[in-house]
Amino acid sequence: MEFLIIVTVGVVIVAVAFLFPDREVRGRHAAAEQAGEPAVESVAAPTTLEGALVAQLLASEITSGQYRAAVARIAERDDERNPLKFG
């Protein structure tokens, strides 16, 4: 019984911690509001070809068919450069 109480209290603490917004993000938003600028979150640039393709797909710069074809070409190139060896 004590174990269940401890686990329940732990779950409640974790749930409450996730409900509070990040202090760093709130600080940036408050500083931007004081300066009269819109608060813009910085987005990291993709560091891999796959990441760049996903970014293009999400930005609707390429279609899903183009994305699948590009990923298939990447897989073929990877298979030629690093063939899987058994035994």
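As the structure is a computational prediction, the values presented were derived from the model and not from experiment. (Residues numbered from 1 in each chain as written. Predicted model: local features only at pLDDT ≥ 70, side-chain atom pairs only at ≥ 80, totals over all residues. Heavy atoms only, no water.)

Participant: Explain the overall build of the chain to me, and be specific about the residues and the numbers.
Facilitator: Helix and strand counts for the chain stand at four helices and zero strands. Ordered by position from N to C terminus, the α and β elements of the chain give α-α-α-α. Considering the chain as a whole, with its 87 residues, one finds that 6% of them fall into the buried category. Carbon and sulfur atoms provide 62% of the accessible area of the chain, an area that totals close to 7900 Å². (Helix = DSSP H or I, 4+ residues; strand = E, 2+ residues; numbered from the N terminus. Buried < 20%, exposed > 50% of the residue type's maximum accessible area, 1.4 Å probe, protein only. Areas by Shrake-Rupley, 256 points an atom, 1.4 Å probe, with all protein chains shown as cover.)

Participant: Outline a negative patch on the surface, listing residues and values.
Facilitator: Taken together, the side chains of Glu-50, Glu-76, Asp-78, Asp-79 and Glu-80 present a region of like negative charge at the surface. At four residues, helix H4 (residues 64-81) tops the list of elements feeding residues into the negative patch. Mapped onto the elements, Asp-79 comes out in helix H4. (Patch = residues over 30% accessible without salt bridge, like charges linked within 9 Å, V, L, I, M, F, W, Y side chains within 5 Å. Salt bridge = Lys/Arg side-chain N within 4 Å of Asp/Glu carboxyl O. Lys, Arg positive; Asp, Glu negative; His and termini not counted. Charge placed at Lys NZ, Arg CZ, Asp CG, Glu CD.)

Participant: An account of helix H1 (residues 2-19) is needed here, citing residue identities and associated values.
Facilitator: With 18 residues, H1 should cover 26 Å at 1.5 Å per step; its first-to-last C-alpha distance of 26 Å lies within 8% of that length. With zero of 18 residues buried, H1 lies mostly on the surface of the structure. (Expected span 1.5 Å × (residues − 1).)

Participant: Tell me about unusual backbone geometry, residues and numbers included.
Facilitator: The phi torsion at Ser-60 lies on the positive side, around 60°, for a residue other than glycine. Along the chain, Ser-60 turns up in the loop between helix H3 (49-58) and H4. Among the residues examined, Ser-60 registers a relative accessible area of 63% and is labelled exposed.

Participant: Outline the packing of H3 against H4, listing residues and values.
Facilitator: At a minimum axis separation of 10 Å, H3 and H4 run at an interaxial angle of 175°. The angle between the axes of H3 and H4 places the two elements in the roughly antiparallel class. Within the contact between the two elements, H3 uses Leu-49, Glu-50, Leu-53, Val-54 and Leu-57 and H4 uses Ser-64, Tyr-67, Ala-70, Val-71, Ile-74 and Arg-77. For the contact of H3 with H4, the residue count by class is eight nonpolar, one polar and two charged. (Axes fitted to C-alpha atoms, helices over the stretch in contact; angles between N-to-C directions. Parallel < 35°, antiparallel > 145°, perpendicular 65-115°, else oblique. Contact = heavy atoms within 4.5 Å. Nonpolar A, V, L, I, M, F, W, Y, C, P; charged D, E, K, R; others polar.)

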